[in-house]
Amino acid sequence: QQPVQSPQAVILREGEDAVINCSSSKALYSVHWYRQKHGEAPVFLMILLKGGEQKGHDKISASFNEKKQQSSLYLTASQLSYSGTYFCGTEHAGNMLTFGGGTRLMVKP
Amino acid sequence: GAGVSQSPSNKVTEKGKDVELRCDPISGHTALYWYRQRLGQGLEFLIYFQGNSAPDKSGLPSDRFSAERTGESVSTLTIQRTQQEDSAVYLCASSPAPGLGYGYTFGSGTRLTVV
């Protein structure tokens, strides 16, 4: 079953923060996060394995709550380059990813 | 190669014709995935190959869709008797191995338009 992402869209000014959430109704093995710019392929950002870890690089980080079967992606001090559609992908028992519907993020100057 | 290569990048076909889409994964990646993305939508799983195991075909929308993979290399996705609702971008991805903490590397996709 497809994970649910929220919000569906968000508009930010440069320097503002955003949180994107991803929820699943099934037990999760891992959660992936990808960013897709218009007309381009999705690009891998990070993966979180079950165990409730938090990861990050630069000003983008993510958390994974295994008990709640949720993951959140945190974008701090957003830059124009962060604009795009963010997808979470959920993995169950080491198989293929099921992707959420995406969150469209637009960062304005 | 350095990345996942897909061909053709664009394909316009007439309704009822068959089409074949090709994917060259990253060398050494045992897992290969096909996804479909309709305009403005998310990624819809189609089929998954892992090494020499039987493929997971659970996402194929109808028996008009089929896919093959030669060992751990090239894969082809075939759509027979194309319909207008088949119009979409078909994305291929590969990863070193599933379930071990690796992300997917996507190709640039094949944009299929059925007229």
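Quick notes on the rules
Here the residue numbers are simple positions, counted from 1 along each chain's written sequence. Here chains are named by letter from A upward and ligands by number from 1 upward, in the order in which they appear as written. For this predicted model, a pLDDT threshold of at least 70 governs which residues receive local features, and a threshold of 80 or more governs which side-chain atom pairs are given and counted, while totals over whole chains, interfaces and linings are taken from all residues. Computation of side-chain values covers all heavy atoms of the structure but excludes hydrogens and water. Two cysteine sulfurs form what is called a disulfide whenever their separation falls within 2.5 Å. Strands here mean DSSP runs of E at least two residues long; helices mean DSSP runs of H or I at least four residues long; both are numbered from the N terminus. Note on exposure labels: buried denotes an accessible area under 20% of the residue type's maximum, exposed denotes more than 50%, and partly exposed covers the range between, all computed with a 1.4 Å probe on protein chains only. The pairing criterion for strands is at least two bridges between them, as found by DSSP. Put simply, a salt bridge is a Lys or Arg side-chain nitrogen that is within 4 Å of an Asp or Glu carboxyl oxygen. As used in this record, nonpolar core signifies buried Ala, Val, Leu, Ile, Met, Phe, Trp, Tyr and Cys residues forming a set joined through side-chain atoms within 4.5 Å. Whether two residues are in contact is decided by their heavy atoms: any pair within 4.5 Å suffices.

Draft legend 1. Just the state of the cysteines, in detail. Under the criterion given, the structure shown has two disulfides over all chains. A sulfur-sulfur separation of 2.1 Å characterises the disulfide bridge that pairs A:Cys22 with A:Cys88. When the S-S torsion is 70°, as for the bridge of A:Cys22 with A:Cys88, the disulfide is right-handed. With A:Cys22 in strand S3 (residues 18-23) and A:Cys88 in strand S9 (residues 84-91), this pair connects stretches of sequence that are 66 residues apart. A:Cys88 shares its class with A:Cys22; the two are buried. Disulfide pairing places B:Cys23 opposite B:Cys92 at an S-S distance of 1.9 Å. As the torsion about the S-S bond is roughly -65°, the B:Cys23-B:Cys92 disulfide counts as left-handed.

Draft legend 2. Inspection of the pairing of strand S5 (residues 43-49) of chain A at higher detail. Residue and element names in this part refer to chain A. Across six bridges, strand S4 (residues 30-36) lies against S5 in antiparallel orientation. Bridge pairing links histidine 32 to isoleucine 47 in S5. Linking S4 back to S5 in an antiparallel pair, the connection comprises six residues, with glycine 39 at a positive phi of about 80°.

Draft legend 3. Just the pattern of salt bridges, in detail. Residue and element names in this part refer to chain B. The full count for this structure, using the stated rule, is four salt bridges over all chains. Between arginine 36 and glutamate 44 there is a salt bridge whose closest N-O contact spans 3.1 Å. Given a relative accessible area of 29%, glutamate 44 falls into the partly exposed group. Between aspartate 86 and arginine 64 there is a salt bridge whose closest N-O contact spans 2.8 Å. Separated by 22 residues along the polypeptide, aspartate 86 in the loop between strand S7 (75-79) and strand S8 (88-95) and arginine 64 in the loop between strand S5 (44-50) and strand S6 (65-69) bring together distant segments of the chain. Pair check on accessibility: aspartate 86 and arginine 64 agree, each one buried.

Draft legend 4. Representation of the nonpolar core. Counting residues in hydrophobic clusters, the biggest one holds 21 residues, and the most contacted among them are A:Trp33, A:Met46, A:Leu73, A:Leu75, A:Tyr82, A:Tyr86 and A:Leu105. Going through the elements one at a time, strand S2 (9-13), S3, S4, S5, strand S7 (60-65), strand S8 (70-75), S9 and strand S11 (103-108) of chain A are the ones with two or more residues in this core. Once residues within four sequence positions are removed from consideration, A:Leu105 is found in contact with A:Val10, A:Leu12, A:Ala18, A:Leu75, A:Tyr82, A:Ser83, A:Gly84 and A:Tyr86. One finds B:Leu46, B:Ile79, B:Tyr90 and B:Leu112 within the second-largest nonpolar core, a separate group that totals 20 residues.

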